[in-house]
Amino acid sequence: MNDVATALGRLEELAIEVPSWAYGNSGTRFKVFGTPGTPRTVQEKLADAAKVHELTGLAPTVALHIPWDKVDDYAALKEYAAGLGVGLGTINSNTFQDDEYKFGSLTSSNGAVRRRAIDHHLECIEIMHATGSKDLKIWLADGTNYPGQDDIRGRQDRLAESLQEIYAALGDEQRLVLEYKFFEPAFYHTDVPDWGTSYAQTLALGEKAFVCLDTGHHAPGTNIEFIVMQLLRLGKLGSFDFNSRFYADDDLIVGAADPFQLFRIMHEVIRGGGFGKDSGVALMLDQCHNLEEKIPGQIRSVLNVQEMTARALLVDTAALAEAQRAGDVLAANGIFNDAFYTDVRPVLAEWRESRGLPADPLAAFKASGYQKKINEDRVGGQQAGWGA
């Protein structure tokens, strides 16, 4: 394996963006559960996110979702976030909750509906100017439920036209990242169901358009790290939405279902030049904490990414390449396994302490009294939540 001290030195480059909506109420497809201390405003979401960064040093930016996080003054919101020690990151659009989008948004056959959806994204770009955000992330619920319901080729054409107008409005330092999801809520076909469709659409747009890979948005058995490799190879991987799933898009804590998969993904990210502040690949969480407490859930998530990144950095790539050239299957697989099965948690605890961070961020959060305080302070008003 690689030398542990040398490998962990690269962890300074790790930054994971947390989603504002993870701090609000969430639940299943049938019920959203309320909990004490849940934020009622975007400012309170930012305060909770800042606590995660304070304890882990891993989460310097917070992604916003519009209109869930809509405010009158985004410059003031940026300043407020900075005062808490975090920045505002990706701006996520929302064209999946209004009645007008029942039959699609950017792909709709209704020109007025498409105009509304495009204008929403143009508003998001204006917000990016005020917040200093780099990425506009687009996920579409667009699709059909029945064969013949709509012209599926025509929907791709309309999507391309809509995206072109949005893309043209981007600033010089801004990017468009197009997410994909193979099914749900549309069940016959989804307009952006896979990395190939997202790649084709973003390739046609230009060099400021990239693919967003959500690790939960694939059919069971999909080799996600192969997709990661391919998009890095093609120069079109813009960002991740990290989470876990057992059956479908469960939005569970990243690494909870298959930590070895997360390790393999991070190996390809590092191998393909997608790791580090200047890589152009943004690492973000996209999770909804249904049963677990929200702040500890985010702490656990960023620590999971850090741990699997550390293990991936331990892979002896020179020895691996030699075994691969020699066709030594077992040796190559063993090199992978040696790194994955290394318990880096004690070393990471020391690494954190050497940087003035708590060795055990979860224990530190529990001892801080922060949860008790927000439970007492955040009484009254309307709790934020999925769709709120």
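What you see is a predicted model; the values in this text were computed from it and never measured.

Student: An account of the layout of surface pockets is needed here, citing residue identities and associated values.
Tutor: Here the largest pocket defines a volume of roughly 1100 Å³. Lining the largest pocket are 42 residues, and of these Phe96, Trp139, Lys181, Pro185 and Trp386 sit closest to its centre. Of all the elements in the fold, those that place two or more residues in the lining of the largest pocket are strand E2 (26-27) and strand E7 (143-144). Among the residues forming the lining of the largest pocket, the class breakdown is 14 nonpolar, 15 polar and 13 charged. Roughly 490 Å³ of internal volume is contained in the second largest pocket. Lining the second largest pocket are 24 residues, and of these Glu17, Lys277, Val281, Ala282 and Leu283 sit closest to its centre. Of all the secondary structure elements, the ones that give two or more residues to the lining of the second largest pocket are strand E5 (87-92) and strand E12 (282-285). If you tally residues by element for the lining of the second largest pocket, the top one is E5, at three residues. For the lining of the second largest pocket, the per-class residue count stands at nine nonpolar, nine polar and six charged.

Student: Account for the pairing of strand E11 (residues 237-242), with residues named and values stated.
Tutor: Most of E11 sits out of view: six of its six residues are buried. Where strand E10 (residues 209-214) and E11 come together, four bridges link them in parallel fashion. Among the inter-strand pairings, Asp214 is bridged to a residue of E11, identified as Asp241. In this fold, the crossover linking E10 to E11 by way of helix H7 (residues 224-233) has right-handed handedness. Two strands pair when backbone bridges link them, and E11 and E12 are joined in this way by four bridges, in the parallel orientation. When the sheet's bridge partners are listed, Phe240 is paired in E12 with Leu283. One crossover worth recording links E11 to the parallel E12 by way of helix H8 (residues 259-271), and it is right-handed.

Thresholds, definitions, all that
- Residues numbered from 1 in each chain as written.
- Predicted model: local features only at pLDDT ≥ 70, side-chain atom pairs only at ≥ 80, totals over all residues.
- Heavy atoms only, no water.
- 1 Å grid on protein atoms, 1.4 Å probe; cavity = no way out; pocket = protein on both sides within 12 Å on 5 of 7 lines; lining within 4 Å.
- Points joined across faces, edges and corners; volume = space filled by probe spheres on them.
- Helix = DSSP H or I, 4+ residues; strand = E, 2+ residues; numbered from the N terminus.
- Nonpolar A, V, L, I, M, F, W, Y, C, P; charged D, E, K, R; others polar.
- Buried < 20%, exposed > 50% of the residue type's maximum accessible area, 1.4 Å probe, protein only.
- Pairing = 2+ DSSP bridges.
- Right-handed = clockwise from strand over helix to strand, strands pointing away.

Just geometry here; none of it tells us what the structure is for.
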